[in-house]
Amino acid sequence: MAMESVKKGTLYIVATPIGNLGDLTPRAAAVFAGVDFIAAEDTRVTLKLLRHLDIKKELVSYYEHNLRERGDYILGRIAAGESCALCSDAGMPCVSDPGEVIVRDALARGVPVTPIPAASAAVTALAVSGQATGRFCFEGFLPMNKNQRRAHLDDLLHEKRTMIFYEAPHKLRATMDDLCRAFGGERSVTLCRELTKLHEEIQKTTLAEAAAFYETHEPRGEYVLVLAGAPAAEAAEAPPTIEEAAQLARRLMAEEGLTPAAACKKAAAGTPYSKSELYKQLL
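Residues numbered from 1 in each chain as written. Predicted model: local features only at pLDDT ≥ 70, side-chain atom pairs only at ≥ 80, totals over all residues. Heavy atoms only, no water.

Caption draft 1: Expanded view of the packing of aromatic side chains. For the structure shown, the criterion picks out four aromatic pairs. Ring geometry for Phe141 against Tyr166: centres 5.6 Å apart, planes inclined by 70°, an arrangement best described as edge-to-face. Here Phe141 is found in strand E6 (residues 136–141), whereas its partner Tyr166 is found in strand E7 (residues 162–167), with 25 residues between them in sequence. Where Tyr214 meets Tyr223, the ring centres are 5.8 Å apart and the plane angle is 85°; that geometry is what we call edge-to-face. (Phe/Tyr/Trp six-rings, centres within 6.5 Å; stacked < 30°, edge-to-face > 60°. Helix = DSSP H or I, 4+ residues; strand = E, 2+ residues; numbered from the N terminus.)

Caption draft 2: Examining the sheet that holds strand E9 (residues 201–206) more closely. Overall, mixed pairing links the five strands, which are arranged E6-E7-E10-E8-E9 in an open sheet. The open sheet terminates on both sides in strands that have one partner only, identified here as E6 and E9. Within the sheet, the average angular offset between the axes of one strand and its neighbour, ignoring direction, is 20°. Both E6 and E7 contribute to a ladder of five bridges, which runs parallel. (Pairing = 2+ DSSP bridges. Axes fitted to C-alpha atoms, helices over the stretch in contact; angles between N-to-C directions.)

Caption draft 3: Region of interest: the pattern of salt bridges. The final tally for this structure, using the stated rule, is 17 salt bridges. Its salt-bridge partner being Glu255, residue Arg150 comes within 3.7 Å of it at the nearest N-O pair. On the criterion of sequence distance, the pair formed by Arg150 in helix H6 (residues 146–155) and Glu255 in helix H10 (residues 242–256) is long-range, its members being 105 residues apart. Take Arg150: its relative accessible area is 36%, and that puts it in the partly exposed class. The residue Asp178 makes a salt bridge to Arg181 at a minimum N-O spacing of 2.5 Å. (Salt bridge = Lys/Arg side-chain N within 4 Å of Asp/Glu carboxyl O. Buried < 20%, exposed > 50% of the residue type's maximum accessible area, 1.4 Å probe, protein only.)

Caption draft 4: Fine view of unusual backbone geometry. Phi at Cys94 is positive, roughly 75°, even though this residue is not glycine. With respect to the secondary-structure elements, Cys94 resides in the loop between strand E4 (84–87) and helix H4 (99–108). For Glu194, which is not a glycine, the phi torsion comes out positive at approximately 55°. When you line up the elements, Glu194 lands in the loop between strand E8 (188–193) and E9. On the accessibility criterion, Glu194 (17% relative accessible area) is buried.

Caption draft 5: Just the sheet that holds strand E2 (residues 37–40), in detail. Taken together, the five strands give an open sheet; going across it, the order is E3-E2-E4-E1-E5, and neighbouring strands pair in parallel fashion. Taken across any chain shown, the strands that pair with only one partner, and hence form the sheet edges, are strand E3 (58–61) and strand E5 (113–116). Recorded for the sheet is a direction-independent mean angle of 25° between the axes of neighbouring strands. As judged from the three bridges shared by strand E1 (residues 11–14) and E4, these two strands associate in the parallel manner. Bridge pairing links Ile13 to Leu86 in E4. Here helix H1 (residues 26–34) sits on the sheet in contact with E1, E2, E4 and E5, set at roughly 135° to E5. Here H4 sits on the sheet and contacts E1, E4 and E5; the angle it forms with E1, its principal contact strand, is near 150°. (Contact = heavy atoms within 4.5 Å.)

Distances and angles like these do not, on their own, reveal function.
This is the structure:
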């Protein structure tokens, strides 16, 4: 097999295994070996992977709290002719991940960006979920703020596509309760735990059954939740009245601190009413 020819002055977006090191592609290994340096979400995690590959390479940390400073540094080196591989701790970088910022900035500066794809936890879970796969939306991690989380789920009430969420074990119980309240306990969901790892588990059930199960079982490992979309009859139900839409705008002002104009714009989304109509109703 021919080795990957790494180009100078290029940013490579390299997928790493989501659990099983055997899933690392030969192309990804070749890029790691060929680039001048590697930008990593957690250099300790990436160092273990490089040791597994018997590769020694300069590592530069790139994570949520140093995006601007390190992004400029990384892109400056690439503009000067070096090549860089960017990776996250697991899976495809830049999806629900700080790497999206450096890709955006690289493209804006005319820096070539090349994907080295492989496993993604979201698509892997979808494929084995038993839920509809023709149309889906990726929601990532729900907001930690209670009011923002509630508003986010409100926006998804009539979503017909299959929805994919990420969740950490210590927040799973609260999330299952929130999903039950928002979508009803009978909604179908598949919980995928520790994908590709030793204790991999895939459980298709309902939201109510999953919530009850985790009342007596300790959540362990990282989860991907694949939630069925709204049934056709539910998705097609009558739109809210203008009074109901105005009530939502008031709630957004109270709970999220939005201005009347911003609240009306958000509340009008997906309704037959314009922002100005809601604003008049609000007054």
